[in-house]
Amino acid sequence: MTKPRSLSVSLGERSYDILIGTTVLAQAGKLMRPLLKSDRVIIITDANLAERHLARLQRALDDAGIRHEHIVVPPGDGSKTLDQLGRLISRLLDLKVERSTTLLALGGGVIGDLAGFAAAVTLRGLDFVQIPTSLLAQVDSSVGGKTGINTAQGKNLIGAFHQPRLVLADTSILTTLPRREMLAGYAEVVKYGLIRDAGFFHWLEAHGADLIDGERAELEHAVLESCRAKAEIVAADERECGQRALLNLGHTFGHALEAETGYGDELLHGEGVAVGMVMAFDLSVQRGHCAPEDADRLRRHLAAVGLPTGFADLAPRHWDVERLIAHMGRDKKVSGGRITFVLVRGIGGAYLETEVELDEVRALFTTALNDADQFALENETSRMTTRATLGS
Ligand code: NAD
């Protein structure tokens, strides 16, 4: 079997490895065996993954002589609730987990965040292993130890920093991921290039479409480079006191759009991030800190792979600027009433900015919405012209 590629997250005694490859799931038992405190694990997964990949993981655990049980929760962000967390913990206690039991999170970011939080608080802390199955989870959420759930007041407002003992990213699992989810995860890959690695963004311009199509070498390279970037940032600032906040590029705007659309199917997290990153570039251009060509280059790349870049690409609805701004004010990144924005000096040059006036954001949203209206009008005019020409 091919050897997985590996890198580590350096956090002293909480350090751990990220193993990436196409045989990682088949070798999961063997790979995690040395880290387990006992021979018993509990797999936490969602119904989609249970149907497609659970059996392979169970076989891998059997091969290594690891005893296992599993708990299945409903798929989707709707499972990141206090209610679902309560049920999950109650089930774990019914199964008589002990301090030596390890939880395995087999799923996307939802399962990683929920199972990770359950691991953080059950019996005051259990070990857990991340087996991320969505592109978003492989390049972002499974690394770094942020776990948590949503409440009526907002996303991820309850949670804990709890690092996994190991991350097993098997890129072959992504073959069953719906394309729209793959694209949403790709937005987070692009983010790493934009934050601090113009060379990686350049590489993505050439290879992004291939990796989204599931090309093995390209996919592995992108997951490895993304994890490397995240691991370095997390190692330098585990608790987000400084530079880790750069990982929120596009997220302050994106979260406002997600909050307005109800965190559902209308707008996936990564789609919100894609539009949000364009807005962060536009705001940087508006403030004179970034060349307009860089914002155009980002727009062109996202559009080329099929990601939304502005309101015109989203499902039609009435967007209210003041409501969007109010959502931004409820974000976790607000401190002393001021929103911290991640802005850019260009591709690969992100920085934190707390001195943004709300009127600047108002102007940005208003321009973006006017552009979308103009686009819709031009589309309608061209449709009518075509119809008239065909009819004549
Ligand atoms: P998700 O976990 O809901 O997965 C998306 C959908 O794809 C689900 O329906 C899931 O069942 C399905 N799926 C996943 N892998 C599959 C596969 N291989 N084959 C078929 N179907 C598959 O969502 P996500 O996009 O992975 O994660 C989003 C969540 O991650 C959000 O809750 C967000 O807040 C969180 N997040 C956390 C962090 C962090 O640092 N902890 C970072 C970014 C995002």
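Residues numbered from 1 in each chain as written. Predicted model: local features only at pLDDT ≥ 70, side-chain atom pairs only at ≥ 80, totals over all residues. Heavy atoms only, no water.

Undergrad: Hey, could you go over the side chain of His 301 for me, with residue numbers and the actual values?
TA: Relative to the assigned elements, His 301 resides in helix α12 (residues 292-305). Excluding residues within four positions of it along the chain, His 301 makes contact with Tyr 186, Val 190, Phe 201, Leu 204 and Glu 205. (Helix = DSSP H or I, 4+ residues; strand = E, 2+ residues; numbered from the N terminus. Contact = heavy atoms within 4.5 Å.)

Undergrad: Hey, could you go over the site of the ligand for me, with residue numbers and the actual values?
TA: Close to the ligand lie 26 residues; Asp 46, Asp 77, Gly 109, Ser 134 and Thr 176 are nearest. Gly 109 is positioned such that a nitrogen or oxygen atom in its backbone is 2.8 Å from an oxygen atom of the ligand. One of the side-chain N or O atoms of Asn 156 is found 3.3 Å from an oxygen atom in the ligand. Calculation on the ligand without its partners gives an accessible area of 860 Å², and the protein chains cover 90% of this total. Elements with a minimum of two residues in the shell around the ligand: α2 (47-52), α5 (109-121), α6 (135-141) and β8 (154-161). Split into classes, the residues belonging to the shell around the ligand amount to seven nonpolar, nine polar and ten charged. (Near = heavy atom within 4 Å. Polar contact = N/O pair within 3.5 Å; in protein donor to acceptor, adjacent residues only side chain to side chain. Areas by Shrake-Rupley, 256 points an atom, 1.4 Å probe, with all protein chains shown as cover. Nonpolar A, V, L, I, M, F, W, Y, C, P; charged D, E, K, R; others polar.)

Undergrad: I'd like to hear about helix α8 (residues 198-212), residue by residue, with values.
TA: The end-to-end C-alpha distance of α8 is 20 Å, a good match for the 21 Å that 15 residues give at a rise of 1.5 Å each. For α8, the principal kink sits at Ala 206 and spans about 60°. Within the sequence span of α8, burial applies to Phe 200, Phe 201, Leu 204, Gly 208, Leu 211 and Ile 212. Its buried side turned inward, α8 meets α6, α7 (179-196), α9 (216-236) and α12. Just downstream of α8, Gly 214 is the residue with a positive phi angle, here 95°. (Expected span 1.5 Å × (residues − 1). Bend = angle between axes of the 7 residues up to and from the residue. Buried < 20%, exposed > 50% of the residue type's maximum accessible area, 1.4 Å probe, protein only.)

Undergrad: I'd like a rundown of the packing of helix α11 (residues 269-286) against α12, residues and numbers included.
TA: Running from N to C, α11 and α12 point in directions that differ by 165°, and their axes come no closer than 9 Å. Relative to α12, the element α11 lies roughly antiparallel. The handedness of the crossing between α11 and α12 comes out as left-handed. Together, Ala 274, Met 277, Val 278, Phe 281, Asp 282 and Val 285 of α11 and Pro 292, Asp 294, Ala 295, Leu 298, Arg 299 and Leu 302 of α12 make up the contact between the two elements. Here the contact of α11 with α12 is built from residues that sort into nine nonpolar, no polar and three charged. (Axes fitted to C-alpha atoms, helices over the stretch in contact; angles between N-to-C directions. Parallel < 35°, antiparallel > 145°, perpendicular 65-115°, else oblique. Left-handed = near helix turned anticlockwise from the far one by under 90°.)

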